[in-house]
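Single-letter residue listing:
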Amino acid sequence: MKGTPFLFLTLALLATPVVFADPATAADEVKAAAKKLAEAANYSWTTTTTVPEGSRWRPGPSTGKTAKDGYTWLSTAMGDRTSESILKGGKYATKGEAGWQTPEERRAAREAGGGGGGEGRGGRGGGGRNLENFKAPAQQAEEMVGKVKDLKKDGEVMVGDLTDEAVKGLLTMGGRRRDGSEAPAPTEAKGSVKFWMKDGALAKMETYVSGKLSVNGNEMKIDRTSTTEIKDVGTTTLEVPEEVKKKL
């Protein structure tokens, strides 16, 4: 029977499962998870930073809340000092002894001899430059995806090595000194990032960086892991004082 071989071939092809490549890459999944979190009405998070024992710089945990109306509340700890700020649209106000003040109000108070509520440069414990550029975890994750060399799925975790430029930025806290000049390039630098998802939304993010920096002629070793855990999605309450709303 001349048609038999062709018939058998046709049946074999029909019986063989056809496997199509999943068009969604690990990066696509993380971006979608970050977008879903960003679209939530509100959420909270806690960020903890781990450094080696004996490190001079030992940051405490920071906590935050954000809502879809654009307001974000942030509390950061450094030693026994805590800074509380509210941000919106690139502007922010920090709470101090003189109450809620914008950077301009603190500067004016210092120039007038009032001390700006007793908070040093950039707010109590510093950090003004970081507040101006602060992004909530959903936006941080979306940006971080573009700074990974090759993001891959490892079980339930998305993991990848960071680009050299991304590592430098994290090691030098933005890549520039306070005076705006370029920070020295770190040596032996490396870094990685991990993402966890839950119900299709970003649930946790971890960044790790290590390297050496030259500070005032002295070599400083950096080894830092920062972990951000998302919680209370859709059930977070963020109350903004009216005086802060007027300032922002």
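Structural notes, computed from the coordinates. (Residues numbered from 1 in each chain as written. Predicted model: local features only at pLDDT ≥ 70, side-chain atom pairs only at ≥ 80, totals over all residues. Heavy atoms only, no water.)

**Some thoughts on the pairing of strand β11 (residues 218–231)**
Walk down a regular strand and you will see the side chains alternate between the two sheet faces. This is how the line gets drawn: At least two DSSP bridges between two strands are needed for those strands to be called paired. Starting at the N terminus, helices and strands are each numbered in turn, a helix being any DSSP run of H or I of at least four residues and a strand any DSSP run of E of at least two.
In this structure, strand β1 (residues 42–50) lies alongside β11, joined through seven bridges in antiparallel fashion. Bridging across to β11, Thr49 finds its partner in Ser226. Two elements, strand β10 (residues 201–215) and β11, share 12 bridges in a ladder whose sense is antiparallel. Its bridge partner being in β11, Val209 is matched across the sheet by Arg224. The loop that links β10 with its antiparallel partner β11 comprises two residues; one of these, Asn216, has a positive phi angle of about 55°.

**Some thoughts on the environment of Thr172**
Rule in force here: When a residue's accessible area, from a 1.4 Å probe over protein chains only, is under 20% of the maximum for its type it is buried; when over 50% it is exposed; and in between it is partly exposed. Definition of a polar contact: a pair of N or O atoms within 3.5 Å, with one able to donate and the other able to accept a hydrogen when the atoms are protein atoms, and with sequence-neighbouring residues admitted only if both atoms are side-chain atoms.
By the secondary structure assignment, Thr172 is in the loop between α6 (164–171) and β9 (187–198). The exposure class assigned to Thr172 is buried, which follows from its relative accessible area of 11%. When the C-alpha atoms of Thr172 and Ile222 are compared, they prove to be 9.8 Å apart, with 50 residues separating the residues in sequence. A polar atom in the side chain of Thr172 sits 2.7 Å from the backbone oxygen of Lys168.

**A short note on the nonpolar core**
What counts, and what does not: Buried residues of nine kinds, namely Ala, Val, Leu, Ile, Met, Phe, Trp, Tyr and Cys, make up a nonpolar core once their side-chain atoms join them within 4.5 Å.
Within the largest apolar cluster, 31 residues are counted, with the highest numbers of intra-cluster contacts made by Tyr43, Leu151, Leu162, Val193 and Phe195. In terms of residue count, the dominant contributor to this core is helix α2 (residues 26–38) (five residues). With eight residues, the next largest nonpolar core counts Ile86, Ala93, Trp100 and Val240 among its residues.

**What about the packing of aromatic side chains?**
Note the following rule: The pairing test for Phe, Tyr and Trp rings, Trp by its six-membered ring, is centres within 6.5 Å, and the orientation test on the planes gives stacked under 30 degrees, edge-to-face over 60, and tilted for anything in between. Only lysine NZ and arginine CZ atoms are considered, and such an atom sits over a ring when it is within 6 Å of the ring centre and within 35 degrees of the ring normal.
Tallied over the full model, the rule gives two aromatic pairs. Plain terms: the ring middles of Tyr43 and Trp45 are 5.8 Å apart, the flat faces sit at 50° to each other, and that makes the pair tilted. Accessibility assignment for this pair places Tyr43 and Trp45 in one class, buried. Chaining the aromatic ring pairs together yields one cluster made of Tyr43, Trp45 and Phe134. A cation sits over an aromatic face here: Lys65 above Trp73, 5.6 Å from the ring centre. Lys204 extends its terminal NZ or CZ atom over the ring of Trp196, reaching a point 4.5 Å from the ring centre.

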